[in-house]
Amino acid sequence: MSGTLYIVATPIGNLDDITFRAVDTLKSVDVILAEDTRHSKTLVNHHEIDTPLKAFHEHNETHKAQAVIEAILEGQNIALISDAGTPLISDPGYVLVREAKKAGVNVSPIPGPSAMISAMSAAGVATDRFGFFGFLPNKKAARIKAIQAIAHIDQTAIFYESPKRILACTQDLLAVLGDERIVCLAKELTKSFETIKTDNIPNLLNYLQEDVMHQKGEFVVLISAVDKDSKVHGEEQLDKILPILLAEMGTSKAAKLAAKITGVDKKHCYQRAILTSSLSSSAVLNSKKDSIS
Ligand code: SAM
């Protein structure tokens, strides 16, 4: 009889945020696959679980998936957990689940916390439609492009950000989204310094800069959906027309015209024009580098 692969959600901070069924499952399976066995030791000790932990992370996932599937087909029950929250949500496990399903293995979720859902439940942004974008790119130019790509979707956009980049990322949000868009920074959820700030981006930047401790911890960022009737809509038009205007004229003239066409503030159009031309010149540089190499 083949066993089951359980995908078990674990806490995102507070060790008691785990379901009875998750604890029972972790106690009853033959093996727990954990992203970082040392990290998960704290959780299993806290809940008196003595099932063996084995390492299963992004670097060995492809290599180990087949052996895990064979063990399940031979009758073992195996649980997959990650360092925090729901496995596969910006965490390893996709390859294993995909291959397990191909092999006819029963895969069963044991639901529980996820930082993105927890953040959304308390952010005060629309929850009827949303998109999740994992982690945005680390490099500025790529991150700005990613923000531009999600800036105009008419649903809440959610992504994860590290304390190292939260300030730079929020500055990029301001450059692309302007100072009226409502954003939520949800940090250290379920932990002692849990903070959930929903505000315009200049106020969020003030918060991050007024105390360096405000930049510490784990963050979920939620961008409220674009309101097609508000000035924010002008941002979408800016993205479309600025590259066209900049191909024909200088930054300042392009910004003035863009402000007239869209009704967006002149100063903001100027900042966006500078950003757009610097992005397109770095793209030209990169394509030159590519063609030389
Ligand atoms: N699988 C996890 C889940 O279901 O949410 C996410 C794992 S991902 C590698 C880790 C990222 O999730 C962190 O960098 C942070 O952005 C976010 N995160 C995890 N725990 C969090 C918490 N307690 N508060 C805020 N964000 C958190």
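Refer to the preceding data block for the structure.
These remarks concern the structure in this document. (Residues numbered from 1 in each chain as written. Predicted model: local features only at pLDDT ≥ 70, side-chain atom pairs only at ≥ 80, totals over all residues. Heavy atoms only, no water.)

Focus on the sheet that holds strand β10 (residues 219-223)
Here comes step 1: The strand order β6-β7-β10-β8-β9 describes an open sheet built from 5 strands, whose pairing is mixed. Sheet topology places β6 (130-135) and β9 (195-200) at the edges, where each strand pairs with a single neighbour. With direction set aside, neighbouring strand axes in the sheet form an average angle of 15 degrees.
Here comes step 2: Where strand β7 (residues 156-161) lies against β10, 5 bridges are found, and the strand directions are antiparallel. (Pairing = 2+ DSSP bridges. Helix = DSSP H or I, 4+ residues; strand = E, 2+ residues; numbered from the N terminus. Axes fitted to C-alpha atoms, helices over the stretch in contact; angles between N-to-C directions.)

Digging into the site of the ligand
Here comes step 1: With respect to spatial proximity, 19 residues lie near the ligand, and among them D91, S114, A115, Y160 and F219 are the closest.
Here comes step 2: Within the side chain of S114, one N or O atom sits 2.8 Å away from an oxygen atom of the ligand.
Here comes step 3: Between the ligand and E188 there is a distance of 3.5 Å, counted from a nitrogen atom to a backbone nitrogen or oxygen.
Here comes step 4: Protein coverage of the free-state accessible area of the ligand, which is 570 Å², stands at 91%.
Here comes step 5: Taken together, the elements giving at least two residues each to the shell around the ligand come down to β7 and β10.
Here comes step 6: Classifying every residue of the shell around the ligand by side-chain character gives 10 nonpolar, 4 polar and 5 charged. (Near = heavy atom within 4 Å. Polar contact = N/O pair within 3.5 Å; in protein donor to acceptor, adjacent residues only side chain to side chain. Areas by Shrake-Rupley, 256 points an atom, 1.4 Å probe, with all protein chains shown as cover. Nonpolar A, V, L, I, M, F, W, Y, C, P; charged D, E, K, R; others polar.)

A few points about the pattern of salt bridges
Here comes step 1: Per the stated rule, a full pass over the model turns up 9 salt bridges.
Here comes step 2: Residues E161 and R165 are paired through a salt bridge, measuring 3.6 Å at the closest nitrogen-oxygen approach.
Here comes step 3: Exposure remark for E161: the relative accessible area of 3% places this residue in the buried category.
Here comes step 4: By relative accessible area, R165 is classed as partly exposed at 21%.
Here comes step 5: Here E188 makes a salt bridge to K191, at a shortest N to O gap of 3.4 Å.
Here comes step 6: A relative accessible area of 16% means that E188 is categorised as buried.
Here comes step 7: Residues joined in a network through salt bridges with shared partners are R98, E99 and K102. (Salt bridge = Lys/Arg side-chain N within 4 Å of Asp/Glu carboxyl O. Buried < 20%, exposed > 50% of the residue type's maximum accessible area, 1.4 Å probe, protein only.)

A word on the sheet that holds strand β5 (residues 106-110)
Here comes step 1: Read from one edge to the other, the open sheet built from 5 strands follows the order β3-β2-β4-β1-β5, with strand pairing classed as parallel. If you trace the sheet from one side to the other, it starts and ends with β3 (53-55) and β5, each paired once. Across the sheet, the mean angle separating the axes of adjacent strands is 25 degrees when strand polarity is ignored.
Here comes step 2: Pairing of strand β2 (residues 31-34) with β3 involves 3 bridges; the strand directions are parallel. Counterpart to L33 in the pairing with β3 is K54.
Here comes step 3: Most of the contacts of helix α2 (residues 37-46) go to β3, to which it runs at about 155 degrees, and overall it touches β2 and β3. (Contact = heavy atoms within 4.5 Å.)

Quick look at the packing of helix α6 (residues 140-150) against helix α7 (residues 166-177)
Here comes step 1: Between α6 and α7, the least distance of the axes is 10 Å, while the angle of their chain directions is 50 degrees. Relative to α7, the element α6 is oriented oblique. Considering how the two elements wind past one another, α6 and α7 form a crossing that is right-handed. Residues K140, R143, I144, I147 and Q148 of α6 form the contact with α7, whose own contacting residues are A168, C169, D172, L173, V176 and L177.
Here comes step 2: Looking at side-chain class alone, the contact of α6 with α7 contains 7 nonpolar, 1 polar and 3 charged residues. (Parallel < 35°, antiparallel > 145°, perpendicular 65-115°, else oblique. Left-handed = near helix turned anticlockwise from the far one by under 90°.)

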